[in-house]
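# Understanding the architecture of this molecule
Residue-level listing of the chains:
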Amino acid sequence: MISQKIYAFIIGFYITSHCFMTKAMANEIPGWSIKQQNRWYGLQEFSITKDKIRIDNSFGHTIITNNDKLVTIYNDSSKCITRQPPETIVSFIQRRKTPTTNIHNFKKLGSKNDHGYNLVRYSYSATKGQYNLDSYIDVVTNIELSASVMQMVDKILRCNVPGFPSKQVLFFKSGHNTQSKPIVYFYTTAIKQCNFNPNLFSLPQNYKHVETLAQLIFDEDETQALSTIRSK
């Protein structure tokens, strides 16, 4: 028969553990986890709350915070961290500009419910040199983000739509109106609601602050070689 002291210890341990777990769960932040395959960034995962987003990809970790006009990027391999405007990330990765679009150029095509998520499709047309560009973008309207955070997402994914971008497909048309094969810029492979530990959005300590994204990713010799190539 179990002694009263051992029984009291077990009950006490259970209560303490339960309280600790309840407190930890209470501190968690509700949000969304989204995985996407991106033409430029490769596979990347978004950890999304209303006021913060963390993006994980081969590039590193990007933290977007409400009312911050710069994003913070850090790389665990180089142990470096930098602060940049979102446009710098786009120009560094894509190395070219795409047509600027405006929300007023978008036309709503339709909507549907996909496994509990509301998806809306928008289309737009733009011009790039001698080509016409047609595009459609699917967005998830369930996800609520602050205006500042949503603006950052739009700049990084090169779109401007009322909802979190889920998929973007483009078609180029020549002067003879010949349409290219569809070019998929990004598409979502998984989406789910979840809770996040606030530490997920914390920045690492003792990482070296650098001025450029090249310094974040490459060593000194590689950075110099990359600068030489781009200057030609």
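Structural data are supplied above this passage.
A few points on the structure. In this text, all values refer to a predicted model and were calculated from it rather than measured experimentally.

What follows concerns the side chain of Thr82. Note on placement: Thr82 falls in strand β6 (residues 80-84). A polar side-chain atom of Thr82 sits 2.8 Å from a polar atom in the side chain of Gln84.

What follows concerns the pattern of salt bridges. Summed over the entire model, instances satisfying the criterion amount to 4 salt bridges. With its nearest N and O atoms 2.8 Å apart, the salt bridge here joins Arg83 to Asp68. In this pair, Arg83 is assigned in strand β6 and Asp68 in the loop between β4 (60-65) and β5 (71-75), connecting sequence segments 15 residues apart. The class for Arg83 is partly exposed, based on a relative accessible area of 39%. Asp138 serves as the salt-bridge partner of Arg121, at 2.6 Å between the closest nitrogen and oxygen. Of this pair, Arg121 sits in strand β8 (residues 117-128) while Asp138 sits in strand β9 (residues 131-140), placing them 17 residues apart in sequence. The class of Arg121 is partly exposed, set by a relative accessible area of 30%. Judged by relative accessible area, Asp138 falls into the buried class, the value being 11%.

In terms of nonpolar packing, the biggest core is built from 45 residues, with Phe46, Ile48, Ile53, Ile64, Ile143, Leu145 and Phe164 touching the most fellow members. Sequence-distant contacts of Ile53, that is, excluding residues within four places in its chain, are made with Phe46, Ser47, Ile48, Thr62, Ile63, Ile64, Leu145, Val149, Val153, Phe164 and Phe201.

Here we take up the pairing of β6. Counting buried positions over the 5 residues of β6 gives 4, a clear majority of the element. Where β5 folds back on β6, the antiparallel hairpin that results is connected by 4 residues, among which Lys79 adopts a positive phi of roughly 60 degrees. Sheet analysis places β6 next to strand β12 (residues 208-209), joined by 2 bridges and oriented parallel. The residue of β12 that forms the bridge with Cys80 is Lys208.

Looking now at the packing of aromatic side chains. One pass over the structure, following the stated rule, counts 6 aromatic pairs. Residues Trp40 and Tyr185 carry aromatic rings whose centres are separated by 6.2 Å and whose planes lie at 85 degrees to one another, so their mutual orientation is edge-to-face. Of this pair, Trp40 sits in the loop between β1 (29-38) and β2 (42-48) while Tyr185 sits in strand β11 (residues 183-196), placing them 145 residues apart in sequence. Under the relative-accessibility criterion, Trp40 is labelled partly exposed at 24%. Assessed through its relative accessible area of 9%, Tyr185 is described here as buried. When the ring of Phe196 is compared with that of Phe201, the centres are 6.0 Å apart and the planes differ by 85 degrees; the resulting orientation is edge-to-face. In this pair, the class of Phe196 matches that of Phe201, namely buried. Above the ring of Trp40, the side-chain terminus of Arg39 is found at 5.7 Å from the ring centroid.

Moving on: the environment of Trp32. Position of Trp32 relative to the elements: it lies in strand β1. Assessed through its relative accessible area of 11%, Trp32 is described here as buried. As a C-alpha pair, Trp32 and Phe196 span 164 residues in sequence and 8.8 Å in three-dimensional space. When residues no more than four places from it in sequence are discounted, the contact partners of Trp32 are Phe46, Ser47, Ile48, Tyr117, Asn142, Ile143, Ile191, Lys192, Gln193, Cys194 and Phe196.

Next up on the list: helix α3 (residues 147-157). Burial analysis of α3 places 8 of its 11 residues in the buried class, which makes it a mostly covered element. When α3 is considered as a whole, its buried residues turn out to be Ser148, Val149, Met150, Met152, Val153, Asp154, Ile156 and Leu157. Once α3 ends, the next one or two residues include Arg158, with phi positive near 60 degrees.

Let's shift gears to unusual backbone geometry. Positioned with a positive phi, Lys79 is a non-glycine residue whose angle comes to about 60 degrees. Along the chain, Lys79 falls in the loop between β5 and β6. Among the residues examined, Lys79 registers a relative accessible area of 45% and is labelled partly exposed. Look at Asn206: it is not a glycine, yet its phi comes out positive at around 65 degrees. Tracing the backbone through its elements, the reader meets Asn206 in the loop between β11 and β12.

The rules behind these values
- Here, residues in each chain are numbered from 1, in the same order as that chain's written sequence.
- Totals for whole chains, interfaces and linings use every residue, but because this is a predicted model, local features are given only for residues with pLDDT of at least 70 and side-chain atom pairs only at 80 or more, for both listing and counting.
- Each side-chain value is worked out from all heavy atoms of the structure, with water and hydrogens disregarded.
- Per the convention used, a helix needs a DSSP run of H or I reaching at least four residues, while a strand needs a run of E reaching at least two, with both numbered from the N terminus.
- Throughout this description, a polar contact denotes any pair of N or O atoms lying within 3.5 Å of each other; where both atoms belong to protein, one of them has to be capable of donating a hydrogen while the other can accept it, and for residues adjacent in sequence the pair is counted only when both atoms sit in side chains.
- Should a side-chain nitrogen of Lys or Arg be within 4 Å of a carboxyl oxygen of Asp or Glu, the pair is scored as a salt bridge.
- Only protein chains enter the accessibility calculation, which uses a 1.4 Å probe; a residue whose area is less than 20% of its type maximum is buried, one above 50% is exposed, and one in between is partly exposed.
- By convention a nonpolar core is built from buried Ala, Val, Leu, Ile, Met, Phe, Trp, Tyr and Cys residues, the set being connected through side-chain atoms within 4.5 Å.
- The contact rule is simple, with two residues in contact once any of their heavy atoms fall within 4.5 Å.
- Any two strands between which DSSP finds at least two bridges are classified as paired.
- Between the rings of Phe, Tyr and Trp (Trp by its six-membered ring), a pair exists once the centres lie within 6.5 Å; its type follows the angle of the planes, with under 30 degrees stacked, over 60 edge-to-face, and the other angles tilted.
- Two thresholds decide whether a charge sits over a ring: the Lys NZ or Arg CZ must be within 6 Å of the ring centre and within 35 degrees of the ring normal.

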